[in-house]
Amino acid sequence: MRQANDLYAAAVPHISAATLREWQGIVDLIVRFSGARVGLIMHAVGDEIEVCIASQTEGNPYRVGDRECLIGSGLYCERVIATQAPLLVPNALESAEWRDNPDVRLHMIAYLGVPICWPGGQPFGTLCLLDDQENAYSPDVLGLLERMRD
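Residues numbered from 1 in each chain as written. Predicted model: local features only at pLDDT ≥ 70, side-chain atom pairs only at ≥ 80, totals over all residues. Heavy atoms only, no water.

S.K.: Would you take a moment to explain the packing of aromatic side chains for this structure?
M.R.: The geometry of an aromatic ring pair comes down to the distance between the two centres and the angle between the two planes. Applying the stated criterion across every chain, the model contains four aromatic pairs. Residues W23 and F124 carry aromatic rings whose centres are separated by 5.7 Å and whose planes lie at 75° to one another, so their mutual orientation is edge-to-face. On the criterion of sequence distance, the pair formed by W23 in helix α2 (residues 17-34) and F124 in strand β6 (residues 123-131) is long-range, its members being 101 residues apart. Taking 5.3 Å as the distance between ring centres and 35° as the angle between the ring planes, the aromatic pair formed by Y76 and W98 counts as tilted. One end of the pair, Y76, is in helix α3 (residues 76-83); the other, W98, is in the loop between β4 (87-89) and β5 (110-117), with 22 residues separating them in the sequence. Exposure class is identical for Y76 and W98. Each is buried. Each member of the aromatic cluster is reached from another via a ring pair, and the members are W23, W118 and F124. (Phe/Tyr/Trp six-rings, centres within 6.5 Å; stacked < 30°, edge-to-face > 60°. Helix = DSSP H or I, 4+ residues; strand = E, 2+ residues; numbered from the N terminus. Buried < 20%, exposed > 50% of the residue type's maximum accessible area, 1.4 Å probe, protein only.)

Laid out in C-alpha cells, this is it:
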C-alpha cells in the first residue's frame, strides 16, 4: 500500500516523495519535542490550503490531502501566509479574534506557525503546531520551527 506522502507526491510532482518523507520526519520530531498534539505542513494551492504533511500522532484530525478555503477563512495559516510572519495563539477560546476560526471546531485551540516560501521567495504555506489545550509554546519551540523550516 502506498503511503499518504507518496500519494501527495504523485499529485504534486514538483515535490519528490523523498522530500516529503524527510518533511514527515521533521514534523514528527517537532511534535515529539514540543509536546503538541498536531504538527502540519500546509501548502497554499490557489484559493485553498491543503495538508501536505500531517504528524503521525494519536488524535490528529488532519489528513494529508485535506483542503480548506484559504482566503477569508479565518484560519491561523491564512494569517501566517498573508503576513509572512510567525503567529502564536496560546488559547483561541480566550481571543475575540480567534475563537471562531475553523480549527476550533476540531478542538485545536493553540497554534504556532511559521511561513514557508519557495526558494524564489513565493509563499508555499506554513509549518505549524496545534494543540487541543492551551499552549504558549516556548521561544525554543519557535526557534526549532524556524530552523526546521529553513
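So, next bit.
S.K.: Is there a simple way to think about the sheet that holds β5 in this case?
M.R.: Hydrogen bonding along the main chain pairs the strands of a sheet, whether they run parallel or antiparallel. Read from one edge to the other, the open sheet built from six strands follows the order β3-β2-β1-β6-β5-β4, with strand pairing classed as antiparallel. The open sheet has two edge strands, β3 (67-69) and β4, and neither has a second partner. Looking at each pair of strands side by side, their axes are set apart by 25° on average, direction ignored. Two strands pair when backbone bridges link them, and strand β2 (residues 48-54) and β3 are joined in this way by three bridges, in the antiparallel orientation. Paired with I49 across the two strands is E68, which belongs to β3. (Pairing = 2+ DSSP bridges. Axes fitted to C-alpha atoms, helices over the stretch in contact; angles between N-to-C directions.)

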